[in-house]
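The chain contents come next:
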Amino acid sequence: MRWDAQALRPAPAGNNAGNSAGNASAAAPAADALLPLAGLVRSVSTPEFAGVTFHEVTAKSVLNKVAAGSRMPFEWTVNPYRGCSHACVYCFARKSHTYLDFDAGLDFDSQVVVKINAADVLRKELAKPSWGHHHVALGTNTDPYQRAEGRYQLMPGIIRALADSGTPLSILTKGTLLARDIPLLKHAAAQVPVGIGISLAMTDEQLSEAVEPGTPGPRARLKLVSRLREAGLPCGVMAMPILPWLSDSDDALDSLFGSLAAAGATGVTAGALYLKPGTREWFMQWIAARHPELAGRYRRLYGTGSYASKEYREWLAGRIRYFKARHGFSGSHGFSHRDLAQDARDEEAQYPAGSIPEARTGPGANSGVESAQPTLF
Ligand code: SF4
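Quick summary incoming for the structure in this document. (Residues numbered from 1 in each chain as written. Predicted model: local features only at pLDDT ≥ 70, side-chain atom pairs only at ≥ 80, totals over all residues. Heavy atoms only, no water.)

**Some words on the environment of His291**
Selection rule: We count a stretch as a helix when DSSP gives it H or I for four or more residues in a row; a strand needs E for two or more, and each element gets its number in order from the N terminus. Pairs of residues are marked as contacts when any of their non-hydrogen atoms sit within 4.5 Å.
With respect to the helices and strands, the residue His291 is situated in the loop between α9 (279–290) and α10 (292–302). Taking the C-alpha atoms as reference points, His291 and Leu246, 45 residues apart in sequence, are found 9.5 Å from one another. Apart from the residues lying within four places of it in its own chain, the contact partners of His291 are Leu246 and Trp286.

**Observations regarding the site of the ligand**
Filter applied, for reference: What makes a residue near a molecule or strand is one non-hydrogen atom of that residue sitting within 4 Å of it. Residue type decides the class: Asp, Glu, Lys and Arg count as charged, Ala, Val, Leu, Ile, Met, Phe, Trp, Tyr, Cys and Pro as nonpolar, and the leftover types, Gly among them, as polar.
Around the ligand lies a shell formed by Cys84, His86, Ala87, Cys88, Cys91, Phe108, Asn141, Thr142, Asp143 and Lys174. Taken together, the residues of the shell around the ligand break down into five nonpolar, three polar and two charged.

**What about the pattern of salt bridges?**
The following threshold applies: The salt bridge criterion pairs a side-chain nitrogen of Lys or Arg with a carboxyl oxygen of Asp or Glu, the two atoms within 4 Å. Classification of residues uses two cut-offs on accessible area relative to the type maximum, computed with a 1.4 Å probe and protein chains only: under 20% is buried, over 50% is exposed, and between them is partly exposed.
Under the criterion given, the structure shown has 11 salt bridges. The salt bridge partner of Glu149 is Arg180, with a shortest N-O separation of 2.7 Å. Taken together, the positions of Glu149 in helix α3 (residues 148–152) and Arg180 in the loop between β9 (169–173) and α5 (182–189) put the pair 31 residues apart, joining distant regions of the chain. Among the residues examined, Arg180 registers a relative accessible area of 32% and is labelled partly exposed. Here Asp254 makes a salt bridge to Arg326, at a shortest N to O gap of 3.6 Å. Linking Asp254 in helix α8 (residues 250–263) with Arg326 in helix α11 (residues 310–326), this pair joins segments that are 72 residues apart in sequence. What you see here is one network of salt bridges that share partners, running through Glu149, Arg180 and Asp181.

Here is the structure:
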């Protein structure tokens, strides 16, 4: 199938494609009508990516400074894609799609904006004398290795531009497509600190299929962790979100941390589901449709806010500490884009290139935390 043959004709300026705010499990696909996106070159759809429309844009700038006062542990980001076909129901970035006049539901999953000139623009921005060679984080808003990357191949140019300019970088992804770039990442890691993180918060394949339907499943992501470690690259894991009553049992947490340890993950950060506005509505619709027996419990647990109750978060933090220790993960070293960069420096010092650390065999230290969930939620 020729990609060009699938180009959509731009609609008149002012059309609004944000029309898919319906039920998470039953909403019709968003219309292919186009928004007046800045720099829009064309919009394309193809049977290879059924149900997804790519809006190819030329960006004027791709190096973003995080707003002053942000709690994010990084200052600079690059996001070559807006929207994400990985379609995680819990994705916290959903609301950002409304800034483009798309909706935070099905449009986020199916109307993907692609900055086709990202690498060229980035290279120019990094060459400016004013660039301070700060750490740049990728995968902070949407996944840079979502399926579209197989077609557009933006990441190799981005990684090269960062490494060649002497800029440290970190990448967080669920996409096993990252394996394609392992040789390039190894090369980059010889030039600058490179951190890599895989997002994986459950080992239950069926649950993953239901709640993050566009992603490679847990087994595939664990294999990616192993491949990265075998390649001599550090690999942290972001084990978020842990889903109340769906992936927070002792068995689920034991399986998760045990699998991460066996795969050789160099650090892990875990935490409970966070439901910011835009995500909350979409997730609650999904829970009501797929797990109606839990809908009321989720409403009580989250109230009108974004966070699970303090009691639940404290309970979960205790279980996470216990299972991390049991599988040999230190309590202090977790995952963040800063950790990723630090991982890279630590690994370089600890393990010669190409060597693999011994598999973790945790002492099973007992934290003394009660295993039963509190009953209030
Ligand atoms: S992979 Fe990340 S960015 Fe993509 S939908 Fe899932 S949580 Fe969102």
